[in-house]
Amino acid sequence: YGEVNRADEVHWHAQGKVLNAGIAAHHLGGPSLTLATLGGPPLEQIDREFAELGIPRRWIVTEASTRVCTTILDRTTGVMTELVENGKPLKPEELDEFRRVYAEEAARADVAVIAGSLPAGTPCSFYRELVERTPCPAVLDFRGEGLLAALDLKPLVVKPNREELAQTAGRPLDDDRQLLDAMRSLNRRGAQWVVITQGAGPVWMASASRTYRLHPPAVDKVVNPLGSGDAMAAGIAWAIRD
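Residues numbered from 1 in each chain as written. Predicted model: local features only at pLDDT ≥ 70, side-chain atom pairs only at ≥ 80, totals over all residues. Heavy atoms only, no water.

*Asks:* Would you mind showing me how to read the pattern of salt bridges here?
*Replies:* Close approach of charged atoms lets side chains of opposite charge pair. Scanning the entire structure with this criterion turns up 21 salt bridges. A salt bridge links Arg99 to Glu129; its shortest N-O distance comes to 2.4 Å. Placement of the pair is Arg99 in helix H3 (residues 92-106) and Glu129 in helix H4 (residues 125-132), with a sequence separation of 30 residues. Taken individually, Arg99 and Glu129 each receive the classification buried, so the pair is uniform in this respect. A salt bridge links Arg177 to Asp181; its shortest N-O distance comes to 3.2 Å. Of the two residues, Arg177 and Asp181 both sit in helix H7 (residues 176-189), four residues apart, roughly one turn of that helix. Each of Arg58, Glu97, Arg100, Glu104, Glu105 and Arg108 takes part in a single network of salt bridges with overlapping partners. (Salt bridge = Lys/Arg side-chain N within 4 Å of Asp/Glu carboxyl O. Helix = DSSP H or I, 4+ residues; strand = E, 2+ residues; numbered from the N terminus. Buried < 20%, exposed > 50% of the residue type's maximum accessible area, 1.4 Å probe, protein only.)

*Asks:* What's the story with the side chain of Asn187 in this structure? I'm lost.
*Replies:* Assignment of secondary structure puts Asn187 in helix H7. Take Asn187: its relative accessible area is 9%, and that puts it in the buried class. Residues within four places of Asn187 in sequence aside, it is in contact with Gln192, Trp193, Val194, Ala206, Ser207 and Ala208. (Contact = heavy atoms within 4.5 Å.)

*Asks:* Help me understand the packing of helix H1 (residues 17-28) against helix H8 (residues 228-240) in this model?
*Replies:* If you want to describe how two helices pack, look at the angle between their axes and the distance between the axes. For the pair H1 and H8, the least separation of the axes is 8 Å and the interaxial angle reads 45°. The orientation of H1 with respect to H8, classified from their angle, is oblique. Remark: the crossing between H1 and H8 carries right-handed chirality. Between H1 and H8, the contacting residues are Lys17, Asn20, Ala21, Ala24, Ala25 and Leu28 on the first element and Asp230, Ala231, Ala234, Gly235 and Trp238 on the second. Considering only residue class, the contact of H1 with H8 consists of seven nonpolar, two polar and two charged. (Axes fitted to C-alpha atoms, helices over the stretch in contact; angles between N-to-C directions. Parallel < 35°, antiparallel > 145°, perpendicular 65-115°, else oblique. Left-handed = near helix turned anticlockwise from the far one by under 90°. Nonpolar A, V, L, I, M, F, W, Y, C, P; charged D, E, K, R; others polar.)

*Asks:* It is not clear to me how the environment of Phe98 should be interpreted in this structure. Could you clarify?
*Replies:* If you trace the backbone, Phe98 turns up in helix H3. Owing to a relative accessible area of 12%, Phe98 belongs among the buried residues under this scheme. Sequence separation between Phe98 and Thr37 is 61 residues, and the spatial gap between their C-alpha atoms is 7.5 Å. Residues contacting Phe98, with those up to four places away along its chain left out, are Leu35, Ala36, Thr37, Ile60, Phe126 and Leu130.

*Asks:* In this structure, what is going on with the packing of aromatic side chains? I would like to understand it.
*Replies:* Ring pairs (aromatic) are described by centroid distance and by the angle formed between their planes. Applying the stated criterion to the full structure yields five aromatic pairs. Ring geometry for Phe98 against Tyr102: centres 6.4 Å apart, planes inclined by 15°, an arrangement best described as stacked. Of this pair, Phe98 and Tyr102 both sit in helix H3, four residues apart, roughly one helical turn. Owing to a relative accessible area of 8%, Tyr102 belongs among the buried residues under this scheme. Taken together through their ring pairs, the aromatic side chains of Phe98, Tyr102 and Phe126 make up a single cluster. (Phe/Tyr/Trp six-rings, centres within 6.5 Å; stacked < 30°, edge-to-face > 60°.)

*Asks:* When you look at the packing of H1 against helix H2 (residues 41-53) in this model, what are you seeing that I'm missing?
*Replies:* Interaxial distance between H1 and H2 falls to 11 Å at its minimum, and their mutual angle equals 10°. In terms of orientation, H1 lies roughly parallel with respect to H2. Residues Leu19, Ile23, His26 and His27 of H1 lie in contact with H2, whose contacting residues are Ile46, Phe50 and Leu53.

*Asks:* Before we go on, may I ask you to explain the pairing of strand E6 (residues 138-141) in this structure?
*Replies:* On a regular strand, each side chain points to the face opposite its neighbour's, so the side chains alternate between the two faces of the sheet. Alternating residues of E6 divide into Ala138 and Leu140 and Val139 and Asp141, and every residue in both groups is buried. Relative to E6, strand E5 (residues 112-115) is paired through four bridges, and the arrangement is parallel. Following the sheet pairing, Val113 is matched in E6 by Val139. (Pairing = 2+ DSSP bridges.)

*Asks:* What should I look at first to understand the environment of Leu43 in this one?
*Replies:* Turning to its location among the elements, Leu43 is positioned in helix H2. We classify Leu43 as buried; its relative accessible area is 17%. If near-sequence neighbours (up to four positions away) are discounted, Leu43 is found in contact with Leu38, Trp59 and Val61.

Following this line, the structure appears as structure tokens:
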């Protein structure tokens with residue numbers, strides 16, 4: 001802190017919940033499409049990376065530049081620090097275009113993953129509008145009032161992590177009983193399944209009548225855990241597709 005820090009290596013990658021899930025879905029095999037709003041200099045870089053990976057994509061081009069976030073990995077301590085830029089507002093016509101294109105793509109999808117935070121100034125009701133336009137099973141990976149407002153539409157899977165669930169519930173989830181109570185509250189409001197990740201800890205799953213605790217295999221060397229939950233959302237979608 002307060003000093004000049006030099007990076008041994010610098011890597012630029014397409015990131016964010018939607019892009020992470022899209023990359024994971026593609027690598028799992030089978031048809032997939034990544035749909036996102038992009039703008040400014042990052043648009044060309046992200047599109048080039050997706051093209052090199054052979055990932056089908058469709059971008060809604062925006063006047064606002066896509067945010068760039070920085071992740072600092074200290075290899076001596078394993079500590080990760082994130083510098084997260086807030087997303088810039090989008091024009092009403094850009095949001096309208098996203099609604100239209102999303103409905104078009106969702107109409108021919110076997111399963112949809114709706115993930116990520118909304119641009120500044122976008123009402124949280126936007127999430128509900130997307131779920132209403134989803135005729136196929138949906139995996140929802142977002143939090144807060146936007147998630148709560150869409151639960152009565154009975155999404156198949158809701159997949160926040162433990163911290164996001166606590167933010168949505170508006171209270172700390174310090175033990176497993178509190179965690180399960182918060183999960184059950186989402187079930188009662190309409191979520192058919194609630195899946196909660198918590199880093200390297202157990203994954204919890206709950207429906208109205210069943211509860212599971214899954215223990216992920218140990219990973220010998222974790223380089224960067226960012227995007228793990230997003231990849232899992234894609235994995236769930238891949239597994240439940242028709």
